Every structure is written in C-alpha cells, then in structure tokens.
Amino acid sequence: MDDNKNIHWHQVIGISTDEMKHAAAEAEARYGDILNMEHPVSKKHPQMAMEMRAAQFAPFAALTGYEKVVERSVDEVRESFLSKD
C-alpha cells in the first residue's frame, strides 16, 4: 500500500509510463532540433519584469474554482486507487 503514495499525474489521467516515454521520444524526434535552443533576447526591447508578465495573464483566471475541482477529482481518483488494496 505504501507504493501507491507516489502517484504521478500521468497515471491519474490513465496514461501509462510506457505511453509517456513513447510521447517523449516522439516529441524529441519531431522537435529535437529546437528543444534546446537558447531563448532569444531582444536588443531593442528591455525584458519585462516577472510581476508585469504575471499581470499580463491575470484576466485568464476566469476559471475561478477550477483548481479546487481538479484537486477534488485527484483526491477521488487517489482514494479509489488506494482503496483497491
């Protein structure tokens, strides 16, 4: 039963570890040439402060309560998974 405490997100949504490894290999094959490229830095525009970047996306917090619903779903799945023993 102690083994079930380390549940990963992909297991909660029903994706096996092998499927995750396959997806990672496929992404590497498709996008490997750009995955490890340096992030471009503009010489013309100064970098935006992290606080300003966060504020830029604040209006998209329209899904108020979404995190609680997800947490509740994860708890239900975890309980179901752990009660199988």
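These numbers come from a predicted model, not from an experiment.

Asks: Before we go on, may I ask you to explain the overall build of the chain in this structure?
Replies: Scanning the chain for helices and strands turns up four helices and zero strands. For the chain, the α and β elements follow one another from N to C terminus as α-α-α-α. By the burial criterion, 2% of the 85 residues in the chain qualify as buried. Looking at the chain as shown, the accessible area adds up to about 8,300 Å², and 58% of this sits on carbon and sulfur atoms.

Asks: So what exactly am I meant to see when it comes to the pattern of salt bridges here?
Replies: When the charged atoms of two side chains with opposite charge come close together, those side chains can pair. Counting across every chain of the model gives two salt bridges. Residue Arg30 is joined to Glu26 by a salt bridge in which the shortest nitrogen-to-oxygen separation is 3.9 Å. Of this pair, Arg30 and Glu26 both sit in helix α2 (residues 17-35), four residues apart, roughly one helical turn. On the basis of relative accessible area, Glu26 is assigned to the partly exposed category, the value being 36%.

Definitions and limits used
Residues numbered from 1 in each chain as written. Predicted model: local features only at pLDDT ≥ 70, side-chain atom pairs only at ≥ 80, totals over all residues. Heavy atoms only, no water. Helix = DSSP H or I, 4+ residues; strand = E, 2+ residues; numbered from the N terminus. Buried < 20%, exposed > 50% of the residue type's maximum accessible area, 1.4 Å probe, protein only. Areas by Shrake-Rupley, 256 points an atom, 1.4 Å probe, with all protein chains shown as cover. Salt bridge = Lys/Arg side-chain N within 4 Å of Asp/Glu carboxyl O.

Keep in mind that these numbers describe shape and distance, not what the molecule does.
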